[in-house]
Amino acid sequence: KENNMSRVTAEQLKEATMKFAENFDMIDWAYSYTMNPKYIRGNLVLISEIGTCGTAACLAGNTCLIAGDKLVREAESGDVCALTEDGEIINVEDRATELLGNPEDSWSMFRTSWWPDEYKDAYINSESSVERAEIACKVVDHFMGGQHD
């Protein structure tokens, strides 16, 4: 399927990351702080939609949310996936890579353990979610070559 219409830019990703910086967390992917999970389509748990209070999404999760996808977790395996507007269920990292235009090493961007040491160390030693979000924005620039609209 063609997804050129829903392509996400580095600037959009950084803007969304900073908009919800108070909850930004690259360790707990698509974690929702709600105590009442909402099941959709059998055993899929709806995790978050952009703008919902109390959610933390990694760079991959934010990319999918910007494109209008919902994030879901398969209840038994715990796998996080994107549920597209077309009803497709796709691994969150694969979907984010596609939406970002398949940048080289995009999977490395989604995993702090694969970041260059300067960013990884800064993230580990950061003292707030906002500081972590700012570091993540630098990582977006690093991996996407400072792509701007």
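Residues numbered from 1 in each chain as written. Predicted model: local features only at pLDDT ≥ 70, side-chain atom pairs only at ≥ 80, totals over all residues. Heavy atoms only, no water.

Participant: Give a description of the nonpolar core that names residues and reports values.
Facilitator: Grouped together as the largest cluster of nonpolar side chains are 31 residues, with contacts concentrated most on Leu-59, Met-109 and Trp-115. When contributions to this core are tallied by element, the ones reaching two or more residues are helix H1 (10-19), helix H2 (59-66), strand S6 (80-83), helix H3 (92-99), helix H5 (117-125) and helix H6 (129-144). In this view, Leu-59 contacts Leu-13, Thr-17, Phe-24, Met-26, Met-109, Phe-110, Trp-115, Ala-136 and Val-140; residues no more than four positions away in its chain are not counted. (Core = buried A, V, L, I, M, F, W, Y, C linked by side-chain atoms within 4.5 Å. Buried < 20%, exposed > 50% of the residue type's maximum accessible area, 1.4 Å probe, protein only. Helix = DSSP H or I, 4+ residues; strand = E, 2+ residues; numbered from the N terminus. Contact = heavy atoms within 4.5 Å.)

Participant: I'd like a rundown of the side chain of Ser-129, residues and numbers included.
Facilitator: Mapped onto the secondary structure, Ser-129 falls in helix H6. Among residues more than four places away in sequence, those in contact with Ser-129 are Ala-21, Glu-22, Asn-23 and Phe-24.

Participant: Describe the packing of H5 against H6, with residues and values.
Facilitator: The geometry of a pair of packed helices is captured by two quantities: the angle between their axes and the separation between those axes. For the pair H5 and H6, the least separation of the axes is 9 Å and the interaxial angle reads 165 degrees. Classified by the interaxial angle, the pair formed by H5 and H6 is roughly antiparallel. As H5 packs across H6, the resulting crossing turns out to be left-handed. For the pair H5 and H6, contact is made by Tyr-119, Ala-122 and Tyr-123 and by Arg-132, Ile-135, Lys-138, Val-139 and His-142, respectively. Of the residues assigned to the contact of H5 with H6, the class counts are five nonpolar, one polar and two charged. (Axes fitted to C-alpha atoms, helices over the stretch in contact; angles between N-to-C directions. Parallel < 35°, antiparallel > 145°, perpendicular 65-115°, else oblique. Left-handed = near helix turned anticlockwise from the far one by under 90°. Nonpolar A, V, L, I, M, F, W, Y, C, P; charged D, E, K, R; others polar.)

Participant: Run through the packing of H1 against H2, naming residues and quoting values.
Facilitator: The geometry of H1 relative to H2 is characterised by a closest axis approach of 9 Å and an angle of 105 degrees between their N-to-C directions. As far as their axial angle goes, H2 and H1 are roughly perpendicular. Within the contact between the two elements, H1 uses Gln-12, Leu-13, Ala-16 and Thr-17 and H2 uses Leu-59, Asn-62, Thr-63 and Ile-66. Of the residues assigned to the contact of H1 with H2, the class counts are four nonpolar, four polar and no charged.

Limitation: the analysis is restricted to geometry and does not speak to function.
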